[in-house]
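Coordinate inspection notes
As a plain string of letters, each chain reads:
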Amino acid sequence: MAYFKVESLVKYFGGLAAVNGVSFEVAKGEIFGLIGPNGSGKTTTFNMISGYHRPTSGRVIFKGREIHHLKTYKICKLGIGRTFQVVKPLGRMSVLDNVIAAAFSRVNTMAEARELAQKSIEFCGLSHVRDVLAKSLPIAGRKRLEITRAMATQPELLLLDETAAGLNPTELIEAIDLIKKIRDNGTTIVIIEHIMHVIMTISDRIHAINFGQTIAEGTPVEVARNQAVIEAYLGTDYA
Amino acid sequence: MKKRLYPLILLAVLAGFPLVVEDNYYQHLMILFLMWVVIGSAWNMIAGYTGQVSFGDAAFFGSGAYAAGLLAHHLHVSAWWGMAIGGLAALAVGFPFGWICFRLRGAYFALATLALNEVLRHGTTIAESFTRGMLGIMIMPTFVSKVPYYYIALGMAVVSVLSVRLLIRSKPGYYFVSIREDQDAAESLGIDTHFYKMLSLAFAAFWTGMAGSLYMNYMGFIDPHVVFSLHDISIMAILVGIVGGVGTVYGPTVGAFIMVAVQEMFRSGFFGLFKFLAETTGSESVRALADVLTKGHVLGFGLLVVLVILVLPNGIVGDWDKIKKKVFRIHSPA
């Protein structure tokens, strides 16, 4: 039995198929990359996994349980955390309060939530901005806050949606280190990323989609050499 | 340390007020003030903390008032029983409303609350056989003195402010604010946004309903246009929240004091100042101005809101540090 799998997921928006039959399996403890050109359906796939969209057809199965009909907050409680590509900080709350709100998904008292939040903030390296309002963070901080908040919900499976986009080279290295650290801590990761350097370095396996359909799957090296992938990214001249 | 004492000092002053000031008029104003603390705190919970702006607080206020009034009118029991069911009646209105209308977000939800307000106002006007329509409901006040009402209102105000304070520093409070800041992010953090919006609305409806049943008992008379009034109740509740400070524990208390004072100032023509001027000068234009000002309290509200939003967008409590710096030139240590 696969730890996590999506089975021929389809999502239509009106007459447009954003995702059209994507299937993949993720093993426990791996970093699984999801790539594809703009508009290929990566984020829509994430939205179906985390319950923001109902799939038109297909299934999402987490630890043997169908979850595609569940509401978003229930999916979070089951142990699937996510970050947003377009960051959604709780602006007029401090960084600590953002993370405390997330920690309340696992504990009920203020003291426990604070402790859990502190741990998550230290783990993700946001201690120096703990008491700053979330809206005053620069983009790198906001991306990191997304991860910190998701970690405070103690996910077994973490969906990262372009957490490295918009970061400078130093911040990129830090982001890669953090993602590896999260995996080493026992969390399985599915990551969407456009920055090839990031996705090629950290992924154990990569799944490439284009126009909502699978075009390749394999190790980073295999996928990078795949004809269909090169065509999708660079055009037929280079294939 | 000093800051923690302020609410206690205020409470002591309020508790001693009717013993010192025996004038009926000022006692009446203070009862209204305390009632508005309750309504303002309730509005602040759903709109200020949870971000679901309500334009229809009068729906809950009126439900509470009519529950108390109808009970006394039809069953001839003491209207005090109505106090007990006033809050529950407002809950009974709020629950199905929230269940359906929380599918709407932002301005659309606000419009739905406005509709609820109007539906109930017209409903009570039309259902004459049950509610006596525009004739209104009159009951005999239990006490002649205003003092008992004062202490009941004070008790309700204290409990409502304390419950806001308690709630806001616990899990539901964090969840309410998270929903206000970003509902989608809140969902992803494991927050059942529908449930917590309902919880917040239940709090608001209950306290507003309680204030409504207090109003029925105290004033002794209600009709649909008084208790389901859009500008005198619903908009007033919003003003109390905005002037005092949206999303602050003590904001509604400050806002209620100012708004009741401003309302009374306009209603009484600046405490008779304009009437006095008109009589002494004998000028027709001053008399006309006095007339407009006494009737134009809604205009005064409007100007006040424009002023507050321009100068103190976070309200008096929310922008207190700014006021200290600008007005009193006190610089609090950063």
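Thoughts on the confidence of the model for chain B
Taken over all residues, the pLDDT of chain B has a mean of 85, while the share at 70 or more is 96%. Mean pLDDT across the elements of chain B bottoms out in helix 14 (residues 269–281) of chain B (71) and peaks in helix 8 (residues 171–181) of chain B (93).

A short note on the sheet that holds strand 5 (residues 65–66) of chain A
Sheet strands line up and pair through hydrogen bonds in the backbone, either parallel or antiparallel. Residue and element names in this part refer to chain A. With antiparallel pairing, the 4 strands of this open sheet are ordered in space as 2-1-4-5. Edge positions in the sheet fall to strand 2 (16–26) and strand 5, since each has one partner strand and no second. Lying over the sheet, helix 1 (residues 42–49) contacts strand 1 (4–13), strand 2 and strand 4 (57–62), oriented at roughly 115° with respect to strand 1.

Digging into the packing of helix 8 of chain B against helix 10 (residues 193–219) of chain B
Residues and elements named next belong to chain B. Contact geometry for helix 8 and helix 10: axes closest at 10 Å, N-to-C directions at 110°. Comparing the axis directions of helix 8 and helix 10 gives the class roughly perpendicular. Contacts from Lys171, Pro172, Tyr175, Phe176 and Ile179 of helix 8 reach helix 10 at Thr193, Tyr196, Lys197, Leu199 and Ser200. Partitioning the contact of helix 8 with helix 10 into residue classes produces 6 nonpolar, 2 polar and 2 charged.

Focus on helix 7 (residues 147–168) of chain B
In an α-helix, one full turn covers 3.6 residues, which means residues spaced three or four apart are oriented alike. Residues and elements named next belong to chain B. Here helix 7 contains 22 residues, and its C-alpha end-to-end distance of 32 Å stays within 8% of the 32 Å for a straight helix at 1.5 Å per residue. Within helix 7, the full set of buried residues consists of Tyr149, Tyr150, Ala153, Leu154, Met156, Ala157, Ser160, Val161, Val164 and Ile168. Projected down its long axis, helix 7 carries its buried residues within an arc of 165°, all on one side. Looking at helix 7, the residues exposed on the side facing more than 90 degrees away from the buried face are Leu162 and Leu166.

A short note on the sheet that holds strand 6 (residues 80–82) of chain A
Residue and element names in this part refer to chain A. Overall, mixed pairing links the 6 strands, which are arranged 6-7-8-3-9-10 in an open sheet. Edge positions in the sheet fall to strand 6 and strand 10 (213–218), since each of these pairs with one other strand and no more. Direction aside, the axes of adjacent strands within the sheet are offset by 20° on average. Where strand 6 meets strand 7 (residues 157–161), 3 bridges bridge the pair, whose relative direction is parallel. Bridge pairing in strand 7 links glycine 81 to leucine 158. Of the strands in this sheet, strand 3 (31–35), strand 9 (205–210) and strand 10 touch helix 9 (residues 227–234), which is tilted by about 125° from strand 10.

Some thoughts on the interface of chain A and chain B
Interface size is commonly expressed as the accessible area that is lost once the parts come together. Facing the 23 residues of chain A at the interface are 18 residues of chain B. Summing the contributions of chain A and of chain B, the shared interface buries around 1,900 Å²; its carbon and sulfur component is 61%. Counting every contact that joins chain A to chain B gives 1 salt bridge. Its salt-bridge partner being A:Arg92, residue B:Glu181 comes within 3.0 Å of it at the nearest N-O pair. At the boundary of chain A and chain B, one finds 11 residue pairs in polar contact (both at pLDDT 80 or more). Secondary-structure elements contributing two or more residues to the side of chain A that touches chain B are helix 2 (72–78) and helix 3 (95–103) of chain A.

Quick word on the nonpolar core
If you look at the biggest cluster of nonpolar residues, it comprises 115 residues, and the most contacted ones within it are B:Met35 and B:Trp36. Element by element, the count of residues in this core is highest for helix 2 (residues 24–49) of chain B, at 17 residues. Ignoring any residue separated from it by four or fewer positions in sequence, one finds B:Met35 in contact with B:Phe61, B:Ala211, B:Leu214 and B:Tyr215. Of all hydrophobic cores here, the second largest spans 27 residues; its members include A:Leu160, A:Val198, A:Ile202 and A:Ala208.

Regarding the layout of surface pockets
What the second largest pocket holds in volume is close to 500 Å³. Lining the second largest pocket are 18 residues, with A:Lys71, B:Gln183, B:Glu187, B:Thr193 and B:His194 sitting closest to its centre. Elements represented by at least two residues in the lining of the second largest pocket include exactly helix 2 of chain A together with helix 9 (183–188) and helix 10 of chain B.

Remarks on empty space enclosed by the protein
Within the structure shown, the criterion is met by 1 cavity of 30 Å³ or more. When its volume is computed, the largest cavity comes out at roughly 40 Å³. Taken together, A:Ser50, A:Thr72, A:Ile75, A:Cys76, A:Ile80, A:Gly81, A:Arg82 and B:Ser188 make up the lining of the largest cavity. Elements that contribute at least two residues to the lining of the largest cavity include exactly helix 2 and strand 6 of chain A. Within the lining of the largest cavity, the residues separate by chemical class into 3 nonpolar, 4 polar and 1 charged.

About the thresholds
- Residues numbered from 1 in each chain as written.
- Chains lettered and ligands numbered in written order.
- Predicted model: local features only at pLDDT ≥ 70, side-chain atom pairs only at ≥ 80, totals over all residues.
- Heavy atoms only, no water.
- pLDDT = per-residue confidence, 0-100.
- Helix = DSSP H or I, 4+ residues; strand = E, 2+ residues; numbered from the N terminus.
- Pairing = 2+ DSSP bridges.
- Contact = heavy atoms within 4.5 Å.
- Axes fitted to C-alpha atoms, helices over the stretch in contact; angles between N-to-C directions.
- Parallel < 35°, antiparallel > 145°, perpendicular 65-115°, else oblique.
- Nonpolar A, V, L, I, M, F, W, Y, C, P; charged D, E, K, R; others polar.
- Expected span 1.5 Å × (residues − 1).
- Buried < 20%, exposed > 50% of the residue type's maximum accessible area, 1.4 Å probe, protein only.
- Arc of directions from axis to C-beta.
- Buried area = accessible area lost by both parts, 1.4 Å probe.
- Salt bridge = Lys/Arg side-chain N within 4 Å of Asp/Glu carboxyl O.
- Polar contact = N/O pair within 3.5 Å; in protein donor to acceptor, adjacent residues only side chain to side chain.
- Core = buried A, V, L, I, M, F, W, Y, C linked by side-chain atoms within 4.5 Å.
- 1 Å grid on protein atoms, 1.4 Å probe; cavity = no way out; pocket = protein on both sides within 12 Å on 5 of 7 lines; lining within 4 Å.
- Points joined across faces, edges and corners; volume = space filled by probe spheres on them.

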